[in-house]
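# Report on the structure
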Amino acid sequence: MSILIDKNIKVLVQGLTGKEGLFHTEQMINYGTSIVGGITPGKGGQIYLGVPIFNTIEEAVNNTGGNVSVIFVPSAFASDAILESIYMNIQVIVCITEGIPVSDMIRVKHFLKGKKSRLIGPNCPGIISPKESKVGIMPNSVFNKKGNVGIVSRSGTLTYEAADQIVKFGYGISTAVGIGGDSIIGMNIKEIMKLFLDDSETECIVMIGEIGGRLEIEAAEWMKNIENKKPVIGFIAGQAAPKGKTMGHAGAIIEKKIETAQEKMRIMEQTGIHIVKSPDDIGKMVYEVLYES
């Protein structure tokens, strides 16, 4: 099994005909993802990479049965693309676009309430389940081994690094989810952790966080009080970050002591999470935890 996506999904690419959309659509196709349509207003009826293009996502869904969307739309229009997918009850929406205004994402979050859609991102690398599907921009070569380790991360590059280390230590990935680094996002760490706990294939979870916000703390405190536990390895990026300075992601800014890397790691360790202080030790810790169990 995997979470959120599998080999049976039908993916629509919003913004397929742009430079980024074309490049990453080709990579997703090469990985084995079923891309059934693209959406670019004004280009309906054309074919790119063997994929039919539609003017609206409503038209695309009605003609292809697409149930997952990935968004490469410019930031000024990306929130509208998300809203259109939600309106069409797309099961999983992955928004790669960065720089979406906070006010736009507030509107999206409000519209999501009570809807069937699940949003990953924005400003994220997406989701990948090795040997099944990729919806996003992860490098194909890194995620080449299916296994029993789930990854949830606020950092794209550290997701790739963790996966590479895990494979080098002889294990594989069930699903890796990059939730994005913006201050307002769709699914959070706790929600992804719940899915991993319910997934029979996933035996161990790697949680990669960053300074700023309380997502990692909320997930750790929730994990402390549940019965169906699985081992969790945790790492927090930004241990040397100065207070008040944005580091890489819009959400990675320290406003309170509890949002520092050190304080987050202390709280996570108290809840039973296996903490590593360097990303170089993620694969080794996964090996030690799974070997001992």
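The next subject is the pairing of strand S8 (residues 126-129). Successive side chains on a regular strand alternate, one facing one side of the sheet and the next facing the other. Residues Gly 126 and Ile 128 point to one face of S8 and Ile 127 and Ser 129 to the other, with burial holding for every one of them. Examined bridge by bridge, S8 and strand S9 (residues 133-136) share 4 bridges and lie antiparallel to one another. What sits directly across from Ile 127, in S9, is Val 135. Where S8 folds back on S9, the antiparallel hairpin that results is connected by 3 residues, among which Lys 131 adopts a positive phi of roughly 70°. Pairing geometry for S8 and strand S11 (residues 173-178), over 3 bridges, is antiparallel. Residue pairing in the sheet places Ile 127 in a bridge with Val 177 of S11.

The next subject is the pattern of salt bridges. Tallied over the entire structure, the rule returns 8 salt bridges. With a closest N to O distance of 3.0 Å, Asp 164 and Lys 168 form a salt bridge. Taken together, the residues span about one helical turn, with Asp 164 and Lys 168 both in helix H5 (residues 156-168) at a distance of 4 residues. Close ionic contact of Glu 263 with Arg 266 constitutes a salt bridge, the shortest N to O distance being 2.6 Å.

Our next topic: the packing of aromatic side chains. Summed over the entire model, instances satisfying the criterion amount to 4 aromatic pairs. Taking the centre distance of 6.5 Å and the plane angle of 90° together, the rings of Phe 143 and Tyr 160 count as edge-to-face. Here the residue Phe 143 occupies a position in the loop between S9 and strand S10 (146-153), and Tyr 160 occupies one in helix H5, the gap between them amounting to 17 residues. By relative accessible area, which is 19% here, Tyr 160 ends up buried. Arranged with centres 5.9 Å apart and planes meeting at 40°, the rings of Phe 169 and Tyr 287 form a pair that is tilted. Highlighted residues: Phe 169 in the loop between H5 and S11 and Tyr 287 in helix H9 (residues 282-292), separated in sequence by 118 residues. Among the residues examined, Phe 169 registers a relative accessible area of 36% and is labelled partly exposed.

In this section: the packing of helix H3 (residues 75-87) against helix H4 (residues 102-112). Angle between the axes and distance between the axes are the two parameters that describe a pair of packed helices. Put simply, H3 and H4 touch, their axes get as near as 10 Å, and they point 5° apart. In this view, H3 runs roughly parallel relative to H4, as classed from their interaxial angle. Of the residues in H4, those in contact with Ser 79, Asp 80, Ile 82, Leu 83, Ile 86 and Tyr 87 of H3 are Asp 104, Met 105, Arg 107, Val 108, Phe 111 and Leu 112. A per-class count over the contact of H3 with H4 returns 8 nonpolar, 1 polar and 3 charged.

Inspection of the secondary structure assignment puts Met 268 in helix H8 (residues 261-270). Residue class for Met 268 comes out buried when judged on its relative accessible area of 0%. Spatially, the C-alpha atom of Met 268 lies 7.7 Å from that of Glu 216, the residues being 52 residues apart in sequence. Residues in contact with Met 268, not counting those within four places in the same chain, are Met 207, Glu 216, Ala 220, Gly 234, Phe 235, Ile 236, Ile 273 and Ile 275.

Next up on the list: a negative patch on the surface. Taken together, the side chains of Glu 161, Asp 280, Asp 281, Glu 288 and Glu 292 define an acidic patch exposed on the protein surface. Along the chain, the position of Glu 288 falls in helix H9.

Turning our attention to the sheet that holds S9. Spatially, S9-S8-S11-S10-S12-S13-S14 is the arrangement adopted by the 7 strands of the open sheet, whose pairing is mixed. Two strands bound the open sheet, and with one partner strand each, they are S9 and strand S14 (274-275). Lying over the sheet, H5 contacts S10, S11, strand S12 (204-210) and strand S13 (232-237), oriented at roughly 155° with respect to S10. Lying over the sheet, helix H7 (residues 215-224) contacts S12 and S13, oriented at roughly 150° with respect to S12.

Parameters and conventions
Starting from 1, residues in each chain are numbered consecutively following that chain's sequence as written. Selection of residues for local features in this predicted model requires a pLDDT of at least 70, selection of side-chain atom pairs for listing and counting requires 80 or more, and totals for whole chains, interfaces and linings are taken over all residues. As a rule here, side-chain values cover all heavy atoms of the structure and leave hydrogens and water aside. For each residue, the accessible area found with a 1.4 Å probe, counting protein chains only, is set against the maximum for its type, and the residue is called buried under 20%, exposed over 50%, and partly exposed in between. Each helix corresponds to a stretch of at least 4 residues labelled H or I by DSSP, and each strand to a stretch of at least 2 residues labelled E; elements are numbered beginning at the N terminus. Any two strands between which DSSP finds at least two bridges are classified as paired. Whenever a carboxyl oxygen of Asp or Glu lies within 4 Å of a side-chain nitrogen of Lys or Arg, that contact is scored as a salt bridge. Each Phe, Tyr or Trp ring, with Trp reduced to its six-membered ring, pairs with another whose centre is within 6.5 Å; inter-plane angles below 30 degrees give stacked pairs, above 60 give edge-to-face pairs, and intermediate values give tilted ones. A fitted line through C-alpha atoms represents every axis, and for helices the fit uses only the stretch in contact; the resulting angles, taken between N-to-C directions, go from 0 to 180 degrees. Any angle that falls under 35 degrees is termed roughly parallel, while one over 145 is termed roughly antiparallel, one within 65 to 115 roughly perpendicular, and all others oblique. Whether two residues are in contact is decided by their heavy atoms: any pair within 4.5 Å suffices. Here the nonpolar group is Ala, Val, Leu, Ile, Met, Phe, Trp, Tyr, Cys and Pro; Asp, Glu, Lys and Arg are the charged ones; every other residue, Gly included, is treated as polar. Like charges are joined within 9 Å and nonpolar side chains (Val, Leu, Ile, Met, Phe, Trp, Tyr) within 5 Å, but only among residues with over 30% relative accessible area and no salt bridge; these make up the patches. Residue exposure ignores everything except the shown protein chains as possible cover, and the areas themselves are Shrake-Rupley values with a 1.4 Å probe. Charge convention: Lys and Arg are scored as positive, Asp and Glu as negative, and His as well as the terminal groups of each chain are ignored. Charge placement uses NZ in Lys and CZ in Arg. For Asp and Glu, CG and CD serve respectively.

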